[in-house]
Amino acid sequence: RILDLFVYEDIDNMLDSLEELDTTSRVRADAVLENHRIHISKDLIFILLRNRTTRSNFPVFAEKKLRHVLKQKLVEMDRMRKAEAEERLLAVATECNRYAEQEMAMQQQRHMAAEREAEQMLKHIIQKEADLEYRTLLDKLNSCEIRGLQRFLLSKQQEATIS
């Protein structure tokens, strides 16, 4: 799984993915450890019960009744443990979803800000191009007016020299 993260994950998301993997691994290890503790506890309880009943000449029906009550209690405790584990997982999932939603909202805000900045830059570039074209046309107009005035003055000078 770690190799997959290094190979396929974006550099930006790698730290988050590694943290998620760490959390997942810890949750799994916690669940496995809890199951082993429960199994060991059950085995110890029944071994101690068997030793106690064999040493104290416990009646068989009382031993069976005690085993039955203990099994029920252990099943009830296991059910409660599973319910608590589900609640914890639900809380973790809710927290992860909230975190993901916040990340998505922040990403969308960054995207919108980048889009606005790109629009502003495009407007600025278009404005600069329009200004440059305007200046070019203005220069052409000025040069045409100057040539026209020069021709006019030349014609006036020619008329003046002729007359």
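Residues numbered from 1 in each chain as written. Predicted model: local features only at pLDDT ≥ 70, side-chain atom pairs only at ≥ 80, totals over all residues. Heavy atoms only, no water.

Trainee: Can you walk me through the overall build of the protein in this structure?
Mentor: Each helix and strand in the protein was counted, giving 3 helices and 0 strands. Helices and strands appear in the protein in the N-to-C order α-α-α. Rg of the C-alpha trace for the protein: 43 Å, well past the compact-globule value of 15 Å for 163 residues, more than 25% over. Overall, the protein is about 155 × 30 × 15 Å in size when its C-alpha atoms are taken along their principal axes. Considering the protein as a whole, with its 163 residues, one finds that 7% of them fall into the buried category. For the protein, the exposed area adds up to about 14600 Å²; of that, 60% sits on carbon and sulfur atoms. Side-chain charges of the protein comprise 27 positive and 29 negative groups, with the mean position of each set lying 11 Å from the other. (Helix = DSSP H or I, 4+ residues; strand = E, 2+ residues; numbered from the N terminus. Rg over C-alpha atoms; globule rule 2.2 N^0.38 Å. Buried < 20%, exposed > 50% of the residue type's maximum accessible area, 1.4 Å probe, protein only. Areas by Shrake-Rupley, 256 points an atom, 1.4 Å probe, with all protein chains shown as cover. Lys, Arg positive; Asp, Glu negative; His and termini not counted. Charge placed at Lys NZ, Arg CZ, Asp CG, Glu CD.)

Trainee: I would appreciate a short explanation of the pattern of salt bridges in the present structure.
Mentor: Side chains bearing opposite charge may pair, as long as their charged atoms lie close to each other. Tallied over the full model, the rule gives 5 salt bridges. A salt bridge links Asp78 to Lys82; the shortest N-O distance between them is 3.6 Å. Within this pair, Asp78 and its partner Lys82 are both found in helix 3 (residues 60-162), separated by 4 residues, close to a single helical turn. Asp78 gets classed as buried once you look at its relative accessible area, which sits at 17%. Taking the relative accessible area as the measure of exposure, Lys82 reaches 45% and is therefore partly exposed. Residues Arg98 and Glu95 are paired through a salt bridge, measuring 2.3 Å at the closest nitrogen-oxygen approach. Placement of the pair is Arg98 and Glu95 together in helix 3, with a separation of 3 residues, close to one helical turn. For Arg98, a relative accessible area of 37% translates into the label partly exposed. Taking relative accessible area as the criterion, Glu95 reaches 42% and is therefore assigned partly exposed. Linked through salt bridges whose partners overlap, the residues forming this network are Asp78, Arg81 and Lys82. (Salt bridge = Lys/Arg side-chain N within 4 Å of Asp/Glu carboxyl O.)

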